[in-house]
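Listed here are the chains, written in short residue letters.
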Number of protein chains: 2
Amino acid sequence: MGLKQQLLFQKEAFILENGATLQPVEIGYETYGQLNADKSNAILLLHALTGTAHAAKHHEADTPGWWDDYIGPGKALDTDRFFVICPNVFGGCSGSTGPSSINPKTGIPYRLSFPGFSVKDIVRVQYELIKTLHISKLKAVIGGSMGGMQATEWAICYSDHVNSVINIASPLAASPDAIGFNLIQRMAILNDPDFNDGNYIAQPEGGLATARMVGMMTYRTSELFSKRFERFTVAESSKSAFSKEHFQIESYLQYQGDSFVERFDANSYLYLTKAIDLFDVIRSQESEAPPYSHIKIPYLLIGITSDQLFRISDLRRDFELLKAAGVPVTYHEIDSEYGHDAFLVHSEVIKFAPILTEFLLPTEKIAH
Amino acid sequence: MGLKQQLLFQKEAFILENGATLQPVEIGYETYGQLNADKSNAILLLHALTGTAHAAKHHEADTPGWWDDYIGPGKALDTDRFFVICPNVFGGCSGSTGPSSINPKTGIPYRLSFPGFSVKDIVRVQYELIKTLHISKLKAVIGGSMGGMQATEWAICYSDHVNSVINIASPLAASPDAIGFNLIQRMAILNDPDFNDGNYIAQPEGGLATARMVGMMTYRTSELFSKRFERFTVAESSKSAFSKEHFQIESYLQYQGDSFVERFDANSYLYLTKAIDLFDVIRSQESEAPPYSHIKIPYLLIGITSDQLFRISDLRRDFELLKAAGVPVTYHEIDSEYGHDAFLVHSEVIKFAPILTEFLLPTEKIAH
């Protein structure tokens, strides 16, 4: 029921965009629902930066997934109708080959000898996985944040192999602002006393926690923090020399940082944030048309007005670009005080789910 | 002409808000213009977190100050009329007693044995300085950002000793959002391998640079970064294993971080950011009226619509609070793509200067 793993590129090496090679590549994934006889009901679901293949519970006693609200009988990704495949991202650390994987040539983890990779590389590995499952055409590819960037690459690179794509809260190119915050997060990790050029024994805890805390600031909103934490202080006093007072927002962020260290590999974090920075399907090579203009399938773009990471102004620009290029794009904006993470928040399901359901339905009707 | 220094609390110790004592306290300050015979033309100017007493050039060949655009003959702070006093902040590292000062009892720097202090403590030291200059009443106190918080404390604590106060871009209480970003900056410093519990020999460079980079993200705006840097890359390739590409926004931030290390003490940064976090003149003790309601003098509040550090929504709330409490408050909002730092940017002078001039003029007329 849980994590499945698939070896890819066993006979021939995976050649990455930058020319580096890797062999083999393993991908961890989980599935929900049943693949139908003609293999036409598969949806590929792609997680955000720190997500995993565990998108939903497989049974009541199972640990919660990151999209339980959307996956199940009668839900937006209705498991009575769809077969949902959620892979762990290539370069990640939860079942797929990444910097913490053992390099078969050396017998030790790749760490910083892992090749730099792009969102397109991530997607090319996913396509190999889909091939091994003998699925020639996906009903849809759906992703949020970094998963949305992957969904966009699917729409560009594999439009013959997917009916439609849903991109939640990701732009067609990472903004300088987002790149800046990612750089700061990598700096915090690289500067940790335990980082040791990536050859750490235990995680570089302080640096990775700090990185996560920076991330959290961009995933939520100042409005939400103001409403939730105000200027409340916590009972236990701070140990810092400069002040004994400690605010709830500080406890919250530190808890987020500390718990992240237990579940995410620091080297993976470096590579994945850089892949996000490099994502850009607006810029074209010389006189060629920009990559996004090659999207020929229905493309649903959902922006979140309060998004502090991927600003709504960028998503509005992207909608205009797509429309002008003749892409069959549908655009929705969600008002939410939760910011970027709204698509992962239980109370906001009601805002997203109907849009997903409506977008997925017509294709479903045509297919029958 | 340059930095003057004044010893304070030589006979009796300075008793801080938290009960700690310090003796003596030295304050570095610079002045512009001439104090008139009846000592009625003095303006106290208070710098932001990383500013210094050097607010303006004293002569053509002098190094630029942080407010050259506003200080000089015919400018908003007209040195033909006003005597401008700009002290380095208590707890800072540019001429005033702070964590890097020598503790006379031990012969070594205080470092983390320096007492925790508040914005009110900073202001109480400034009041002592004004007394030693035999100025019984200031024409105005003006400050931006952390300096604005100090200006507000002046309006509350010393309204008999100042005619009017100008607060640029600071709220009546630090928001959870601002506290979160400050916490992250302190984390980056505390986690630096060279920090050594504050007893560093050389500065904790990586951590302090990272802190500055986080600060820069909140001082400017995503719009500005998008316009200035787009997704341009720099000629020299990155040395990082995860990617050879390096964006201009990254070079910019790293330059800002690296140059900051040369001019600011890491321990001072810890104490000052915490003082900002603790600033709150909205919360009152039990049944007492909130501190801000005690402001009885003309109070000019200037908000910047695009401010990412101290949000315009908070400044609007503060204006309403002040108005409702009967404070003689004037409120202006500045539209600027520069965000929080707009009041320090040359091209934006035209937006701020006329407001300052108009606000300072009537008092001037009455005084004559």
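Residues numbered from 1 in each chain as written. Chains lettered and ligands numbered in written order. Predicted model: local features only at pLDDT ≥ 70, side-chain atom pairs only at ≥ 80, totals over all residues. Heavy atoms only, no water.

Caption draft 1: Focus on the UniProt feature "binding site: substrate" (unreviewed entry) in chain A. Residues and elements named next belong to chain A. Residues annotated by UniProt as "binding site: substrate" (unreviewed entry) correspond here to Arg-212 and Asp-341. On the basis of their most widely separated C-alpha atoms, the annotated residues across 130 residues gather in one place, lying no more than 13.7 Å apart. With respect to the helices, strands and loops of the structure, Arg-212 is situated in helix H4 (residues 205–219). Contacts of Arg-212, omitting those with residues within four sequence positions, involve Thr-50, Tyr-219, Gln-256, Gly-257, Phe-260, Arg-263 and Tyr-269. In this fold, Asp-341 is placed in the loop between strand E12 (329–334) and helix H9 (349–367). Each residue touching Asp-341, except ones within four places of it in the same chain, is listed here: Tyr-219 and Arg-220. (UniProt positions renumbered as here; feature names shortened; annotations may be inferred. Helix = DSSP H or I, 4+ residues; strand = E, 2+ residues; numbered from the N terminus. Contact = heavy atoms within 4.5 Å.)

Caption draft 2: Local environment of unusual backbone geometry. With an omega dihedral of -10°, the bond running from A:Gln23 to A:Pro24 counts as a cis peptide bond. Looking at the secondary structure, you find A:Pro24 in the loop between strand E3 (21–22) and strand E4 (25–32). Residues other than glycine seldom take positive phi values, yet A:Lys39 does so here, at roughly 55°. The residue A:Lys39 is located in the loop between E4 and strand E5 (42–46) in this model. For B:His134, which is not glycine, the phi dihedral falls at a positive 60°. Residue placement: B:His134 occurs in the loop between helix H1 (119–132) and strand E11 (138–144).

Caption draft 3: Looking closely at the relation of the copies chain B and chain A. With an axial shift of 0.0 Å and an RMSD of 0.0 Å, the rotation relating chain B to chain A amounts to 180°. One copy is carried onto the other by what is essentially a two-fold rotation axis. Using C-alpha coordinates, one finds that chain B approaches the rotation axis most closely at B:Pro193, a distance of 2.4 Å. Both copies contact each other with a shared surface, as 98% of the interface residues of chain B are interface residues in chain A too. (Least-squares fit on C-alpha atoms with pLDDT ≥ 70 in both.)

Caption draft 4: Fine view of the sheet that holds strand E1 (residues 4–8) of chain B. Residue and element names in this part refer to chain B. Taken in spatial order, the eight strands make up an open sheet running E1-E4-E8-E5-E11-E12-E13-E14, and their pairing is mixed. Where the open sheet ends on each side, the last strands, each with one partner, are E1 and strand E14 (329–334). The mean inter-strand angle of the sheet, taken between neighbouring strand axes irrespective of direction, is 20°. Judged from the four bridges that link them, strand E4 (residues 25–32) and strand E8 (residues 83–87) form a sheet pairing that is antiparallel. Note that in E8 the partner of Tyr-32 across the bridge is Val-84. The strands touched by helix H2 (residues 146–157) within the sheet are strand E5 (42–46), E11, strand E12 (162–168) and strand E13 (299–304), with E11 carrying the most contacts at an inclination of about 145°. (Pairing = 2+ DSSP bridges. Axes fitted to C-alpha atoms, helices over the stretch in contact; angles between N-to-C directions.)

Caption draft 5: Local environment of the pattern of salt bridges. Residue and element names in this part refer to chain B. As enumerated under the stated definition, the model contains 32 salt bridges over all chains in all. Here Glu-128 and Lys-131 are joined by a salt bridge, their closest N and O atoms 3.3 Å apart. One end of the pair is Glu-128 and the other is Lys-131, both in helix H1 and three residues apart, which spans about a single turn. Accessibility expressed as a relative area gives 21% for Glu-128, which makes it partly exposed. The class of Lys-131 is partly exposed, set by a relative accessible area of 41%. (Salt bridge = Lys/Arg side-chain N within 4 Å of Asp/Glu carboxyl O. Buried < 20%, exposed > 50% of the residue type's maximum accessible area, 1.4 Å probe, protein only.)

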